[in-house]
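Notes for the structure review
Next come the chains, spelled out residue by residue.
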There are 2 protein chains.
Amino acid sequence: MFGRIDHIGIAVEDLDAALALYEGRFAMAQSYREVVEEQGVEAVLLDLGENHVELLRPLGEETPVGRFLARKGPGIHHVAYQVPDIDAALAALQEAGMRTIDERPRIGIRGSRVAFLHPAATGAVLTELVEPAGAHDEPRR
Amino acid sequence: MFGRIDHIGIAVEDLDAALALYEGRFAMAQSYREVVEEQGVEAVLLDLGENHVELLRPLGEETPVGRFLARKGPGIHHVAYQVPDIDAALAALQEAGMRTIDERPRIGIRGSRVAFLHPAATGAVLTELVEPAGAHDEPRR
């Protein structure tokens, strides 16, 4: 059901300091940067072969990542696994009784389709499913 | 310097419950299981293509993962990146002034060589470097 790790999401307070570490010292290549108002974050993707590190800076305190920072401080926020067909994967997990944050997939960054499982159902690990853009070529309505 | 994500390490209180989730519901294949007395953990590796999920159950409260669980509860404990030459990678980071937990690489599970960077130097993200077994064929003394 699950393919590779798509990315780990890291909550940061200071994006410039984080980029100095990941891009500067660790020499990871930045491939994407976007402000996602709807999710209340500025996100930067760094490439590690087919995997990514996603740095997440909250746009305010009353956002999911802002509340995470206030509660736990900076650190690893979530892990995302690739799935070839997110509709099928999410439906199978829901049918097995798994609690999810997203009832249906929504659009993530770079045209991917994503859905979060609920940490209460995953041992407190915020877990995201990602169907990369172009992975699923059937028409969508 | 860094290759793919080798694994994410997840701290768990109940290994059987975690395996029911990752092996059972998520259908990840278990590839390795080892009690590492020296590090105070029982570790299980699950495969996701070339990436892995590493479940970590502490052998007692006075172990690094036991203290993590007491302080933060279950969840993502660390991220590990593959490097082709851990001696060179660790030396370069130390020369750049980065604080590390391990001054020199040590043996990890499955014959890998590993070293941890200090979370104080990495935005509170416990970060591991992994040179997989066989990745570096020069003689070692």
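Below you will find a few notes about this structure. (Residues numbered from 1 in each chain as written. Chains lettered and ligands numbered in written order. Predicted model: local features only at pLDDT ≥ 70, side-chain atom pairs only at ≥ 80, totals over all residues. Heavy atoms only, no water.)

1. Focus on helix α2 (residues 64-72) of chain A
Residue and element names in this part refer to chain A. Among the residues of α2, V65, G66, F68 and L69 are the ones counted as buried. An end-on view of α2 places all buried positions within 160° of arc, on one side of the element. Exposed side chains of α2 directed beyond 90 degrees from the buried face belong to A70 and R71. As for α2, its buried residues are in contact with β1 (5-11), β3 (41-48), β4 (51-58) and β5 (75-82). (Buried < 20%, exposed > 50% of the residue type's maximum accessible area, 1.4 Å probe, protein only. Helix = DSSP H or I, 4+ residues; strand = E, 2+ residues; numbered from the N terminus. Arc of directions from axis to C-beta. Contact = heavy atoms within 4.5 Å.)

2. Let's talk about the environment of V79(B)
Turning to its location among the elements, V79(B) is positioned in strand β5 (residues 75-82). Once the C-alpha coordinates of V79(B) and G40(B) are considered, the two residues, 39 residues apart in sequence, prove to be 18 Å apart. Discounting chain neighbours no more than four positions away, the residues touching V79(B) are I8(A), I76(A), I5(B), H7(B), I8(B), V125(B), L126(B), T127(B) and E128(B).

3. As for the pattern of salt bridges
What the rule picks out here adds up to 14 salt bridges over all chains. A salt bridge links R113(A) to E131(A); the nearest nitrogen and oxygen atoms lie 3.6 Å apart. Taken together, the residues span a long stretch of sequence, with R113(A) in strand β7 (residues 113-117) and E131(A) in strand β8 (residues 127-131) at a distance of 18 residues. Two residues, D87(B) and R113(B), come together in a salt bridge whose shortest N-O distance is 2.9 Å. One end of the pair, D87(B), is in helix α3 (residues 86-95); the other, R113(B), is in strand β7 (residues 113-117), with 26 residues separating them in the sequence. (Salt bridge = Lys/Arg side-chain N within 4 Å of Asp/Glu carboxyl O.)

4. Quick notes on the interface of chain A and chain B
Each partner contributes to the interface: chain A provides 32 residues, whereas chain B provides 32 residues. Buried area between chain A and chain B, both sides added, is near 2600 Å², and the carbon and sulfur share of it is 71%. Considering only the surface of chain A that becomes buried against chain B, R25(A), F26(A) and I76(A) emerge as the three largest contributors, covering 23% of it. Applying the counting criterion to the chain A and chain B interface returns zero salt bridges. Those elements that place two or more of their residues in the side of chain A that touches chain B are β1, α1 (15-25), β4 and β5 of chain A. Of all the elements, β5(A) adds the most residues to the side of chain A that touches chain B, at five residues. Counted by class, the side of chain A that touches chain B contains 22 nonpolar, eight polar and two charged residues. (Buried area = accessible area lost by both parts, 1.4 Å probe. Nonpolar A, V, L, I, M, F, W, Y, C, P; charged D, E, K, R; others polar.)

5. What about the sheet that holds β5(B)?
Residues and elements named next belong to chain B. With respect to topology, eight strands assemble into an open sheet ordered β2-β3-β4-β1-β5-β8-β7-β6, the strand pairing being mixed. At either margin of the open sheet sits one strand with a lone partner, and together these are β2 (29-36) and β6 (106-107). Bridging between strand β1 (residues 5-11) and β5 involves six bridges; their strand directions are antiparallel. From the neighbouring strand, G9 faces β5, where its bridge partner is H78. (Pairing = 2+ DSSP bridges.)

Function cannot be inferred from these measures alone, as they are strictly geometric.
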